[in-house]
Amino acid sequence: MKLPTKSNRLLPLLVFVPLTGILSAQSITQPATEQTRQILVLNAVNSQSLAGARVSCGSAKSLTEASGAAALPLSSTTNCRWAAAKEGYYFDPGAQPSSSKPIQLQLTPYSEVRGRLLDRQRQPIAGIQVQLLTSLKIGSQRSAAGSQRATSDAAGVFRFTNIRQGSYILLALPPVASAGYQLTVYPSGDDISQALPFTVKAGATLSDMDIELTKAATFTLTGEITGLEATEIPASRSWLELHFLPRNSSLVPNRLDPFDATLSMNSRRIPLTTGKRIRLSGLVPGKYRLKLFADNSLSSSTTFEVLDRDIDQFQLQAWNSPPLSGSLSMDPPNARPLPPNILLSLL
């Protein structure tokens, strides 16, 4: 029997050691697979998956694939708020998902509202501003909040895009030199209490929201500012501000008119360059608010109403001192506001 030599006895060991070293190196350098959280983005109306939507949770971000799916590192999605975005859709940040698997986020498609401005002969009216306001109900009272604006084109067409589902009111606000057109609420008329709220569903297009404008006789107001000397009304720092109030717009008694914020955007600022005389022409029937700012300070706020004739010898009484901060009304006892469709001039 042949005994193994020294070199034969070492051979298995020489082969075994390198293999063990190789296996150990592979186990050390192999990266661990990080856990991820799966997300699915859906259309809130029809539950279809949405590709190309941006998904985020805190600083972690991703983009959905064709299947509407995306993934984010699990370690980055704890104690953060989810968000999603895609052109033509909006996300409700208050609708945070549950801990379902996968996480489901819903995007709601925007809607569109369009119509035409027409006169009594059904002819288009161009260049008139239209406001879309969110219709609200506070107890038994109706009000409105927020607004978007559009202007009618040559064909009388106005259009609002990227509208969220909800209840709305439409107002047509004729500008200065509007040939006597009155402020009109959808579908017609100048009584804000008769405005017809309409519902816009998610992803819907309302294309027949036509508004009929009515022409009215126009009148002129002439008068003067009292209670101040002309030297107390420096032309470079003084002006008048004119607002129009629709009929029955005071929906909440003893509070600031809910439409004031909207209508103030349509106010007319008139420089005081020729003393204390006032002339306002092109006034359609209705109620108006007129404010005086003398030397950069609010010095008077009064309301008046145009009926069926010119107003002569009108007096805008300046206050002896500014009203208390936070007062609900800044109108003197026999005061009243002005319209969007006026030609203003000062003598």
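Our subject is the structure that appears above.
Rules of the game
- Residues numbered from 1 in each chain as written.
- Predicted model: local features only at pLDDT ≥ 70, side-chain atom pairs only at ≥ 80, totals over all residues.
- Heavy atoms only, no water.
- Phe/Tyr/Trp six-rings, centres within 6.5 Å; stacked < 30°, edge-to-face > 60°.
- Buried < 20%, exposed > 50% of the residue type's maximum accessible area, 1.4 Å probe, protein only.
- Helix = DSSP H or I, 4+ residues; strand = E, 2+ residues; numbered from the N terminus.
- Pairing = 2+ DSSP bridges.
- Axes fitted to C-alpha atoms, helices over the stretch in contact; angles between N-to-C directions.
- Salt bridge = Lys/Arg side-chain N within 4 Å of Asp/Glu carboxyl O.

Next up on the list: the packing of aromatic side chains. In total, this model carries six aromatic pairs according to the counting rule given. Look at phenylalanine 158 and phenylalanine 160: their rings are 6.1 Å apart centre to centre, the planes differ by 65°, and that puts the pair in the edge-to-face class. Note on accessibility: phenylalanine 158 and phenylalanine 160 belong to one class, buried. Between tyrosine 186 and phenylalanine 198, the ring centres sit 5.8 Å apart and the planes meet at 70°, which makes this aromatic pair edge-to-face. Of the two residues, tyrosine 186 is situated in the loop between strand E13 (184-185) and strand E14 (198-200) and phenylalanine 198 in strand E14; the sequence distance between them amounts to 12 residues.

Within a sheet, each strand pairs with its neighbour through backbone hydrogen bonds, oriented either parallel or antiparallel. In spatial order, the strands read E19-E18-E21-E22; together these four strands make up an open sheet with antiparallel pairing. Each edge of the sheet is formed by a strand with only one pairing partner; in this case those strands are strand E19 (268-271) and strand E22 (297-306). Averaged over all pairs of adjacent strands, the angle between their axes in this sheet comes to 20°, without regard to strand direction. Sheet analysis places strand E18 (residues 239-245) next to strand E21 (residues 286-294), joined by seven bridges and oriented antiparallel. When the sheet's bridge partners are listed, leucine 245 is paired in E21 with lysine 287.

Right, let's talk about the pattern of salt bridges for a bit. According to the stated counting rule, one finds seven salt bridges in the structure shown. Residue arginine 114 pairs with glutamate 112 through a salt bridge whose shortest N-O separation is 2.8 Å. For aspartate 210, the salt bridge is made with arginine 122, and the minimal N-O distance between the two is 3.8 Å. One end of the pair, aspartate 210, is in the loop between strand E15 (205-206) and strand E16 (211-212); the other, arginine 122, is in the loop between strand E8 (111-118) and strand E9 (129-138), with 88 residues separating them in the sequence.

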